[in-house]
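Fold and geometry: a report
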Amino acid sequence: MADEARRIDAGTLLAEIATKSGRPAEDVRAALTRHGVFFRPSLAVPKRLCIRSLRFTGIKQGEKAAGPIDFTWNDLGPGLWAITSGRNLRGKSTVLGIIRWCLNGRRGDAVPGEMKEWFHTVELGFTLDDQGYEVEIADAIAGTGTLWRVDGSTKRSLASFASEDEFESTMSDFFMGQLGLQLIVSHAVQGDRSIDQPHDWVWLSGALVIEPNPTVLFGAVATGGLATRMMQMYLGVPWTSANNDIVAAQGRLQNEARQTTAAFDRTRERRQARIKELDAEITDLQSRLKALPLEDDQRAELRRESAKFAEAEKRRRSALMLLASIEADLESAKDAHARARRDLQDFKDSRAANYVFRSLEPVCCPRCDEVFDEVRRAETRNDHICLVCGTPEEPEADPGTLEESLKEAVADAELELARQRQRHEALTKTIADAGDAMDDAEAACRVIQARLAAPSGRRDVEIDILRKQAQREELAKEDAAAPSPNGDLGVLKAAEEVTKEAYRPLQDDLLSEVSGLIQDYAVRFGVESLESVKLLGNTNLRLHKGGPPVYFGKQTAGERVRLKVAATLAIMKVAQTRGLGRHPGLLLIDSPGANEMVPQDFDRLISGLAELSGEIPHLQVLVAAVNSETIQNHVPPERRRSAAGDEYLW
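Residues numbered from 1 in each chain as written. Predicted model: local features only at pLDDT ≥ 70, side-chain atom pairs only at ≥ 80, totals over all residues. Heavy atoms only, no water.

Under an unreviewed UniProt entry, the protein chain has the name Large ATP-binding protein and belongs to Microvirga thermotolerans.

Pasting the structure below:
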């Protein structure tokens, strides 16, 4: 099965990805290149790292045990080695820390900060397979030094470093190249930022260390699937680097898509709010425009008002022409009325006068004073003649009929006078009304003419409406143009599926073998209740201990130390058996008995490590622990560097 997996080449993988994604092979190759994904066949041939010597000098500071430092440990080789002291805090962990510092170039937490200026020079000799190398830190405080290649008594400089950063970079480049390791990039999101986090030798070298209270089975970090990447890298599973780059690229694109969508949603809210504002502004402007008069309407209104003026003027002119005639008729009616009234009054006055004169009885002539006797009076009375002048008296007409006729004449004259007055009043009112209508029409014309002469502002409002409608249309188009997913995601998803299918058979096969060895080694290390072990592809370690399955993270600190050592050694053993894998075979175990490990279990761990050191010839294990019978029984004196009682190791 493993052989079948190895026969899959990069060309076959690209062809399968093209088929699965439905994209031409050239498109697939271009998409993968854009995202830094390359299917490079790299055979995971293990190289064996072995510490050969360690020396460091300096001056120990402080009130206790101050003085010069000159630590030398030569002639190291494969097998189990121990760094012990009679008490804690005597420098055991610092020795392991200095070895890690020299190997990965980062001082970090391996060397306590208060000791930074204690060390002046450090030299670490090591071999990769049979080739010798030496890290020489000439100035430990400044971080300057040289990486040497050692051939017998000859040393050749491979690289020099002048700072701590250069030191770290030098060692990373060296071991990544020598061990065939590949940079692992994980993708993370911090706030609004999308970040690619490269993981090189500093992180990968964590597989060489077993800390006192491990929380993950491989390395020191469990986030983002990094432990799985590390396990695959050291197992020698093919195409895992490409798969890691694919996963990182997908995370990068997915995060970019999330950020783009989030940004689009934020701008959409602002756009929609602005569209609402524009709708309201356009409605308001349209209302204002509707209220503004049209020029044609104003001219039509001007014509209507001019026509009103002309019509009123005509009515007034006609009325004025008729007025003289009506006034003449009125004056005639007045005269007629006055005459009728005078006639009636004259009649009344005359009748009253006749009555007076006719009733007079003169006694003599008023001119000659002749006296009239009774006879004359009787005769003139009977003859109806005047007593004075003898003129016969005319018979008097019917006065009642005459008076009634005169009264009727007066009444008729009054009626005519009233009718003429009404005509005059009506005509006068017509003239006045026509004059008012002329004034009103003239005033309206002046207003309209003034409006026509002044700028209306209508054009400005129309332009403003058009401008805002154009803005709204553009915003609506942007709102409809939702971001589309990156087309490369489909290629990357297909690539991940194809790649996993390519390496999964070999990985399952390797994990099955590693699982069996973990159980074997863990039982040797004292986890006797362990019935079965299964190392899953995500680095979860599922255990059966006489009940339901339990997992690595739920074990005690002491059990986790033993399980982690067992898992790391199992990977080394499989690499040795199969001739593949990348773990260099060095293990630095710090204080394994410090947490919840009883002496019997500590004894089983150390004895098991001693046994396995014989079974895995290239394995080198350095254990830092408090001096005990267990160490003395399983680690020969020449393989120990010890400090007795209250002594310090350096």
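1. Description of the overall build of the protein chain
The cut-off we apply is this: Numbered from the N terminus, helices here are DSSP runs of H or I no shorter than four residues, and strands are runs of E no shorter than two. The quantity called the radius of gyration is restricted to C-alpha atoms. Its globule counterpart is 2.2 Å times the number of residues to the power 0.38. The rule is simple: take the accessible area with a 1.4 Å probe, protein chains only, and divide by the maximum for that residue type; under 20% is buried, over 50% is exposed, in between is partly exposed. When checking whether two residues touch, look at their non-hydrogen atoms; a contact exists if any pair is within 4.5 Å. Using a 1.4 Å probe, the Shrake-Rupley method yields the accessible areas, and only the shown protein chains count as cover for residues. Only four residue types enter the tally: Lys and Arg on the positive side, Asp and Glu on the negative side, with His and both chain ends excluded. Charge positions are represented by NZ for Lys, CZ for Arg, CG for Asp and CD for Glu.
Each helix and strand counted, the protein chain has 16 helices and 16 strands in total. Computed over C-alpha atoms, the radius of gyration of the protein chain comes to 65 Å, more than 25% over the 26 Å expected from 2.2 N^0.38 for 650 residues, which places it beyond the range of a compact globule. Summarising its shape, the C-alpha atoms of the protein chain cover approximately 215 × 65 × 55 Å along the three principal directions. Within the protein chain, the fraction of its 650 residues that count as buried is 42%. For the protein chain, contacts bridging at least 24 residues in sequence account for 69% of all contacts bridging at least 6. On the protein chain, roughly 33700 Å² of surface is accessible, and the fraction owed to carbon and sulfur atoms is 50%. Separation between the mean location of the 85 positive side-chain charges and that of the 101 negative ones in the protein chain comes to 8 Å.

2. As for the packing of helix α2 (residues 10-21) against helix α3 (residues 25-34)
To characterise two packed helices, one gives the angle between the axes of the helices and the distance between these axes. Cut-off, in case you're wondering: Helix axes use the C-alpha atoms of the stretch in contact, all axes being lines fitted to C-alpha atoms, and the angles between their N-to-C directions lie in the range 0 to 180 degrees. Roughly parallel means an angle under 35 degrees; roughly antiparallel means over 145; roughly perpendicular covers 65 to 115; every other angle is labelled oblique. The classification used treats Ala, Val, Leu, Ile, Met, Phe, Trp, Tyr, Cys and Pro as nonpolar, Asp, Glu, Lys and Arg as charged, and all other residues, Gly among them, as polar.
One can describe the packing of α2 onto α3 by two numbers: an axis separation of 9 Å at closest approach and a directional angle of 105°. Judged by the angle between their axes, α2 and α3 are roughly perpendicular. Between α2 and α3, the contacting residues are L14, I17, A18 and S21 on the first element and A25, V28, R29 and L32 on the second. Of the residues that constitute the contact of α2 with α3, the class distribution is 6 nonpolar, 1 polar and 1 charged.

3. Quick word on helix α11 (residues 399-453)
The condition is simple: A helix is expected to reach a length of 1.5 Å times the quantity of its residues less one. Polar contacts here mean pairs of N or O atoms no more than 3.5 Å apart (in protein, one a potential hydrogen donor and the other a potential acceptor; neighbouring residues in sequence count only if both atoms are side-chain atoms).
If you check α11, its first and last C-alpha atoms are 80 Å apart, about what 55 residues at 1.5 Å a residue would give, namely 81 Å. Its side-chain oxygen 3.2 Å from the backbone nitrogen of G400, D398 forms the N-cap of α11.

4. A look at unusual backbone geometry
With phi around 60°, D75 is a residue other than glycine that occupies positive phi space. Here D75 is to be found in the loop between β2 (67-73) and β3 (79-85). Classification of D75 as exposed rests on a relative accessible area of 69%. Of note, the phi angle at W239 is positive, near 65°, even though the residue is not glycine. Along the chain, W239 falls in the loop between α7 (226-235) and α8 (240-291). Judged by relative accessible area, W239 falls into the buried class, the value being 9%.

5. Considerations on the sheet that holds strand β16 (residues 640-643)
Rules: By definition, two strands form a pair when at least two bridges between them are found by DSSP.
Reading across the sheet, the 5 strands line up as β10-β14-β15-β3-β16 and stay open at both edges, with parallel pairing between neighbours. One side of each edge strand has no neighbouring strand; the edge strands of this open sheet are β10 (209-210) and β16. Of the pairings in the sheet, the one linking β3 to β16 comprises 4 bridges and is parallel in character. Along β16, the bridge assignment pairs A82 with R640. Where helix α4 (residues 92-104) meets the sheet, its contacts fall on β3, β10, β14 (586-590) and β15 (620-626), and the angle it forms with β14 comes to roughly 145°. Packed on one face of the sheet, helix α14 (residues 557-578) meets β10 and β14 and runs near 175° to β14.

6. Thoughts on the side chain of R562
One can find R562 in helix α14. According to the relative accessible area criterion, R562 is buried, its value standing at 3%. Setting aside residues up to four positions removed in sequence, R562 forms contacts with F525, G526, V527, M597, D601 and L605.

7. Digging into helix α5 (residues 164-178)
Between the first and last C-alpha of α5 there are 21 Å, a value that for 15 residues agrees with the 21 Å anticipated at 1.5 Å per step. Inspection of α5 places F167, E168, T170, M171, S172, F174, F175 and M176 among the buried residues, and these make up the whole buried set. Two residues or fewer after α5 comes G180, characterised by a positive phi angle close to 70°.

8. Comments concerning the UniProt feature "coiled-coil region" (unreviewed entry) in the protein chain
How we decide: UniProt positions are given in the numbering used here, feature names are shortened, and annotations may be inferred rather than shown by experiment.
Under the feature "coiled-coil region" (unreviewed entry), the UniProt entry names residues 268-350 and 403-430. The span residues 268-350 is 96% helix and 0% strand, and its two end C-alpha atoms sit 114 Å from each other. Across residues 403-430, the secondary structure splits into 100% helix and 0% strand, with the terminal C-alpha atoms separated by 40 Å.

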